[in-house]
Each structure stands twice: as structure tokens, then as C-alpha cells.
Amino acid sequence: MKALFQKHRNETILASIFLVLFVFFSFASRNFFTLSNVMNLFSQMVTLAFLTLGMAASMFSGGMDLSIGAVCSMCTVLCATFVGTMGMHTLPALLITLAIAIACGLFNGFLIGYCKINSMLVTLGTQSLYTGIGLVISKGVTVSIPLDRFALFGRTRLFGFLPVEILILALGILLAVLMFSYLIPGRRIFLIGANPQVARFAGINIASNILVTYAFCSAYAFFGAIVLASRVASGRADVAAALVLKSVSAAVFGGVSTLGGIGSMAGAILGVAVIQIVTNGMDMMNFSTYLQQISIGAMLLIVLAFRHRKRH
Amino acid sequence: MRKILREKARELILIGVIIVIGIIVTFIMPAFFSQLNIINVLYSNAVFGIMAMGMMLIITTGNIDVSVGAQYAVSGMVVALVARATGGEQPLLAILAGMGTGMALGLMNGLIVAKLSIPAIVVTLGTLNIMRGTLNLITSGNWIDGLTGPFAKFANLRLLKPINGLGVIHAITGGKGLMVFALPLAVYIWILVMVVTYIFLYRTGVGRDILAVGGNKEAARRVGLSQTKAYLLAFGYMGMLAGLASAIAASKIKIAQPSNGTGYEMKLIAACVIGGTEFSGGVASILGTLLGVLLLGVIDNGLVLTKVPAYWQELATGVIIILAVGSSAFRTMKPGGRRAIKSGGDRK
């Protein structure tokens with residue numbers, strides 16, 4: 001038990017912070033600890049959570065995928081265009097969108113892995129490119145989806161209380177944790193991030209693993225996108241742009257190192273959860289959104305300074 | 001001559017691309033190649049051009065600053081406050097107030113990055129939220145407008161008169177005069193900033209130190225160069241320039257709002273990257289950064305003039321960035337690439 005505690009020290013601390021905040025807000029605000037708000041709390045974080053999982057994957061490999069926000073936005077536009085404007089059935093629309101998202105990820109991975117260009121440079125460029133494609137498809141306006149369609153992923157509650165998107169996220173988390181903590185492909189990506197030289201000597205094909213990593217990032221951006229598009233019943237080419245830096249903050253907050261090879265998917269998701277509970281709880285207590293912004297920034301710096309002191 | 005060609009290959013290619021785009025746009029819309037429009041491109045990109053010099057310096061030290069937009073917004077509000085309080089009579093005071101504010105914010109970033117040795121992108125993410133949040137909290141998101149007097153005029157001030165009188169010039173310019181020297185003051189400030197950056201980076205000891213720290217942290221530490229000093233200088237300089245740029249912007253549009261500068265960081269990083277600044281640090285090109293800013297500016301302007309819908313702009317920017325980073329990777333990868341260029345230069 002104690003060994004387990006030591007090994008997952010960072011996750012335990014984050015989970016305790018989450019619980020403490022949860023109890024605190026439950027006492028501080030009358031509306032916080034209600035079934036509908038707790039469900040809200042989780043369903044609000046779904047898109048950011050998916051993007052953070054993708055961002056964490058790219059950070060494990062020693063890079064950073066700045067284009068996930070653009071891929072996510074582009075996917076909302078594609079879904080909205082296919083389902084809303086063209087009237088396609090949901091399933092083919094989703095499959096085509098997923099294929100395009102993965103193609104975007106493979107393009108990133110190709111430039112980073114095979115052409116050996118710095119990941120931030122590549123994704124800075126493809127971020128503009130994918131946003132541009134989204135803008136051109138949507139002609140720069142919001143594409144709406146008829147309200148009676150595409151409601152499954154963001155506007156449906158099972159048994160009257162459980163939002164479907166929470167189940168999708170749970171599945172996504174499970175898959176990510178499994179891949180990056182227990183399966184060989186994920187562990188390879190960690191090794192590449194920790195020490196590419198050693199990884200190469202161990203006979204790992206770096207380029208093809210990088211390709212997989214960035215395809216994973218874009219696929220997760222796609223899952224974030226379908227929930228987002230369904231929730232707001234529309235698609236817009238810059239709808240997730242602001243989430244990129246937020247997902248970096250959340251991943252770093254959750255213990256993922258920007259230098260690669262350190263962190264865990266469980267930590268990343270706990271990072272999102274803590275940030276989300278602060279946002280939601282302060283909303284419930286009627287604090288201004290600006291104060292939330294300040295507290296999140298301050299929390300990030302304090303936690304980092306604290307961790308840094310530990311390491312030395 | 002061949003050595004210059006090799007060393008400045010990227011800059012030459014960029015000039016070529018800008019000229020080609022210029023020719024194409026001029027064919028479709030002759031108004032592009034008019035004095036008025038060229039000055040307009042320079043005038044509207046002065047704010048970015050000035051800030052790009054600071055961003056270049058930070059990337060040169062191997063760091064990155066994503067809080068520039070917030071620094072720009074905070075110092076812009078301070079500038080507007082001072083300008084309004086003095087009725088716009090003291091433009092210099094307002095500019096200095098903005099530069100001071102920006103520099104303080106930049107130094108704060110630099111200090112945290114150097115002392116805690118946390119990656120700069122994470123530190124500036126945190127300070128970005130704190131700066132913007134605090135600014136919004138204090139202003140409740142309200143604008144400051146009604147900027148008047150000399151302050152509202154300084155950015156577009158034409159100190160010199162267009163050259164006219166000679167028959168030839170009169171004929172070419174249709175009586176308007178050659179406006180090469182009659183540029184808006186903002187453009188002169190931009191040029192001045194570039195010259196100062198050049199002197200600072202290549203002709204002073206501390207500038208050399210910044211390049212050295214960026215190029216090889218460990219080696220720089222062993223020869224006794226202070227990393228803290230280099231970081232403080234780079235981040236402080238960035239903040240100061242963000243303040244200066246925000247003053248110019250406030251004078252141009254006569255308004256300052258807390259949401260100013262959102263998304264500037266990516267555009268600035270893009271300009272530096274197109275210009276050949278390397279993320280690994282130690283490599284800077286002032287001419288390249290200038291051309292990066294101009295290329296993005298010319299694309300914007302050209303698309304507007306040729307009446308291409310604005311949403312194509314983003315796509316074009318993306319393609320340009322990918323081509324720019326791809327081409328430099330291609331040159332290092334292929335045999336006879338960058339390494340061969342260096343030895344070739346030695347052989348002469």
C-alpha cells in the first residue's frame with residue numbers, strides 16, 4: 001500500500017486536492033453539491049480533457065502538439081457541414097471526420113518524425129493550416145446543426161441524469177491510461193521522450209512511433225470535437241483555439257513535463273479535474289471569471305515552484 | 001559574393017518570395033504597387049515588427065514567451081491611462097510609462113524562468129493568465145477611449161516632407177512626390193528598434209553573452225556567463241518593446257482595451273520562425289525576422305486587395321510557415337546541406 005502510494009505520489013496529491021476542493025465548495029456554495037451540478041462539472045470538462053490527454057501524449061514523446069485546438073475546431077466544422085449542411089447520416093459523417101483528423105495527425109507526425117523538424121514549429125504551422133481549412137470550409141461563419149440531429153454526444157442524458165459524454169470520456173481515459181501505462185507502444189513513446197538516444201539504441205523506430213503519437217493526439221482532438229459540436233449544435237473554425245494553452249496548463253499541472261518522458265495520463269486528467277472544479281466552484285460562488293483566471297495562473301506557478309524545489 | 005549567397009540563402013529566398021507575391025498581386029490589382037499602399041503595409045506592421053525583435057531575442061536564448069499579448073494589453077492600458085490623464089499633451093511620458101510597465105512584466109517573467117529553471121513556456125502560461133485576469137478584474141473589461149491631442153497623432157506623424165519638385169519625380173508619382181522619407185513616425189521607430197537590436201546583439205558584450213547562453217547553456221556557464229542576466233535582459237527587452245508597440249497601437253486606433261493582443265504570441269513566433277530563428281537557441285537573424293513580418297504582412301494586404309475572402313489568410317500563413325520550416329530541415333538533411341555549406345565557405 002505504502003509503496004503504491006509512493007509510486008503514484010503526484011496523482012495522490014492531485015486527487016487529495018480535488019477532494020479537499022470538492023468538500024470545500026460543497027460547504028461554501030449551496031448549489032454545488034447537487035446531482036445536476038456534479039454532472040455538469042464533469043460534462044463541462046470533456047472537450048478540455050480530451051485535448052489534454054492528446055497534449056499529454058505529445059509531451060510524453062518530448063514534443064508539443066499546438067495544432068490539436070485547430071484539429072478539434074476543424075472537426076466541429078466538418079461534423080456540422082456533413083450533418084447539418086449536407087444532411088449526411090451521423091455514422092458516415094463521423095467516420096470521414098475521424099479519417100481526416102487522423103490524416104492531419106499523420107501529416108504532423110510525418111513532418112516531426114521523418115523530416116525531423118521541431119514539433120512546436122511544425123504544429124505552429126499546421127495549426128494555421130488546419131484553422132485555415134476549417135475557415136475555408138465554413139466560409140468564416142458558424143455552421144449550425146439542426147437541433148433534432150447529432151444530439152447523442154453532448155445533449156443526451158442516460159436514465160435522465162447521466163450525460164453520454166461522460167461515458168465517452170471515461171472510455172477515452174481508460175484507453176489512454178491503458179496505452180501509456182501498461183502497453184508497449186505507449187511505453188516506447190515515453191522512452192523516446194525521456195532519451196531518444198537510448199531509445200534508438202534499444203532498437204525502437206523513433207519516426208514511426210512519433211507518427212503514432214501525433215495520430216493519437218488528433219484522434220483525441222476529434223473525440224473532443226464531436227462532444228463540443230453536439231453540445232453547442234454547431235461548428236466554428238476557432239471554437240477550440242483557446243483550449244490549446246489551457247490543455248498545456250492542465251497537463252503541466254497534472255505533472256507532465258514539457259521536456260518529455262515524465263508524467264502520466266492519470267495525472268493529466270486529474271490536472272484537468274482540479275482546474276475544472278476551481279472554475280465551476282468559483283462560478284457557483286459567484287466569483288468573476290477573471291478571478292478564476294488569476295487563481296489558475298497562480299496555482300500553476302505555485303505547484304511548479306513546489307515541484308521544482310522537491311527535485312533539487 | 002558566393003559566400004554571402006550561401007549564408008543569407010534564407011533571407012534571399014524570402015525576398016524573392018515577397019517580390020513574386022508582390023508581382024502577382026500587382027497584376028491583379030495595380031494599386032498594390034503604389035507608394036501609398038507600400039507605406040500602409042509598413043505602417044500597419046510596425047507594431048508586430050517591433051515586438052518580433054523582442055520575441056527573436058527570447059527565442060535566441062532558447063526560451064519562448066507566450067505572455068507577450070498580455071504584456072501588450074497591460075502596458076497599452078497604462079499608456080492610455082497616462083495619455084488620457086495628461087489630455088494627450090505628453091506623448092513621451094505615456095510611451096515611457098508603457099515601456100516601463102512592459103519591462104517590469106518582462107523582468108518578472110525572466111526572473112521566474114531563471115531562478116526556478118522551469119521551462120519558459122509554462123512560466124509564461126501562468127503569468128499570462130495572471131496578467132490578463134488581473135487586468136480584466138481591474139478594468140472590468142472596459143475600454144479606455146477618447147485619446148486626443150499630440151499623443152493620438154504621434155504614430156502617424158510625418159516628420160519629413162515628400163521629395164518633389166524635380167520633373168522626373170513629379171512625373172512618376174503623379175505630383176504626389178516621392179514619399180520614401182516621409183514615412184510615419186511608427187515606421188521610423190521600427191527601424192530604430194531594429195538598429196538598436198542589431199547593435200545590442202552583435203556589438204555589445206552582453207548581447208554576445210545572450211547568443212552564447214542560447215547557443216550552449218553549459219559552455220556559457222563554464223566560462224562564467226550569467227544565465228540569469230541573459231534571461232533578464234531578453235525578457236525585459238521583450239516587455240519594453242511590447243510596451244512601446246502598445247503605445248504606437250494606442251496612438252493609431254485611439255483606444256485601448258483589455259483584450260488587446262490576444263493571439264499575438266503565435267503570430268510573432270511564426271514571423272521569427274519564418275525568418276530563420278531556431279528554437280534550439282543561439283541563432284538570430286534580424287533581417288530574417290523583418291522579412292518574416294513583411295511576408296505575413298504582404299500576404300494579408302495582398303489578399304485584401306485582390307478581394308480574396310479573409311478566411312484564406314490563415315491557410316496561406318500556415319502553408320508559408322510549413323514551407324519555411326520544411327525548407328530549412330530539407331537543407332540540413334540532404335547531403336551537401338548546411339554542414340557542407342559551412343566547410344564550403346571555409347574553402348572559398
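Since the structure is predicted, the reported quantities are computational estimates derived from the model, not experimental observations. Residue positions within a chain follow its written sequence, with the count starting from 1. Each chain is given a letter, starting from A, and each ligand a number, starting from 1, according to the order in which they appear as written. Only residues with pLDDT of at least 70 get local features here, since the model is predicted, and only at 80 or more are side-chain atom pairs given and counted; chain-wide, interface and lining totals rely on the full set of residues.

**Looking at the overall build of chain B**
Stated precisely, the cut-off is as follows: For helices the rule is a DSSP run of H or I covering at least 4 residues; for strands it is a run of E covering at least 2, with both sets numbered from the N terminus onward. Between the buried cut of 20 or more and the exposed cut of 12 or fewer other C-beta atoms within 10 Å of a residue's own C-beta lies the partly exposed class, and all C-beta atoms are placed from the backbone. By the criterion used throughout, residues are in contact when their C-beta atoms, derived from the backbone, lie within 7 Å.
Assigned secondary structure in chain B consists of 15 helices and 0 strands. Here chain B holds 348 residues, and 47% of them are scored as buried. In chain B, the proportion of contacts linking residues at least 24 apart, taken out of those at least 6 apart, comes to 77%.

**Comments concerning the nonpolar core**
The test is simple: Working definition: the nonpolar core is a set of buried Ala, Val, Leu, Ile, Met, Phe, Trp, Tyr and Cys residues, joined through C-beta atoms within 7 Å.
Residues C79 and A221 of chain A together with I50, M51, M55, V79 and L241 of chain B are the most contacted members of the largest nonpolar core, which totals 203 residues. Considering every element that reaches this core, the biggest residue donor is helix α11 (residues 206-232) of chain A, with 17 residues.

**Examining helix α6 (residues 120-139) of chain B**
Along an α-helix, residues three or four positions apart point the same way, because every turn accommodates 3.6 residues. All names here are of chain B. Just so we agree on the cut-off: Here, expected helix span is obtained from the residue count minus one, scaled by 1.5 Å.
Under the 1.5 Å per step criterion, the end-to-end length of α6 is 28 Å for 20 residues, consistent within 8% with the ideal 28 Å. With 15 of 20 residues buried, α6 lies mostly within the body of the structure. Taken from the residues just after α6, S140 is the one with a positive phi, measuring 50°.

**Structural notes on the confidence of the model for chain B**
All names here are of chain B. Threshold: Confidence of the prediction at every residue is given by pLDDT, a number between 0 and 100.
Of the residues in chain B, 89% have a pLDDT of 70 or more, and the chain-wide mean is 85. Every residue in residues 335-348 is under pLDDT 50, and counting partners more than four places away or in other chains gives 10 contacts. Overall fold confidence (pTM) sits at 0.87, and the ipTM for the predicted complex is 0.83.

**Some thoughts on the interface of chain B and chain A**
We apply this condition: For this classification, Asp, Glu, Lys and Arg are treated as charged, while Ala, Val, Leu, Ile, Met, Phe, Trp, Tyr, Cys and Pro are nonpolar and the rest, including Gly, are polar.
If you look at the interface, chain B gives 37 residues, while chain A gives 39 residues. For the side of chain B that touches chain A, the elements supplying multiple residues, two or more each, are α6, α12 (264-274) and α14 (312-333) of chain B. Top element by residues in the side of chain B that touches chain A is α6 of chain B. It accounts for 14 residues. Residue classes in the side of chain B that touches chain A are distributed as 26 nonpolar, 9 polar and 2 charged.

**Description of unusual backbone geometry**
Its identity as a non-glycine residue notwithstanding, K116 of chain A has a phi of 55°, on the positive side. Tracing the sequence through the fold places K116 of chain A in the loop between α6 (90-114) and α7 (119-138).

**Structural notes on the packing of helix α4 (residues 68-85) of chain B against α6 of chain B**
All names here are of chain B. Inclusion rule: Geometry is summarised by axes, namely lines fitted to C-alpha atoms with helices restricted to the contacting stretch, and by angles between N-to-C directions that run from 0 to 180 degrees. Any angle that falls under 35 degrees is termed roughly parallel, while one over 145 is termed roughly antiparallel, one within 65 to 115 roughly perpendicular, and all others oblique. Left-handed is the label given to a crossing in which the near helix is rotated counterclockwise from the far helix by less than a right angle, and right-handed is the label when the rotation is clockwise.
Put simply, α4 and α6 touch, their axes get as near as 9 Å, and they point 30° apart. The angle between α4 and α6 places the two elements in the roughly parallel class. Handedness of the α4/α6 crossing: left-handed. Within the contact between the two elements, α4 uses A70, Q71, A73, V74 and M77 and α6 uses L128, M131, R132, L135 and T139. The residue inventory of the contact of α4 with α6, partitioned by class, reads 7 nonpolar, 2 polar and 1 charged.

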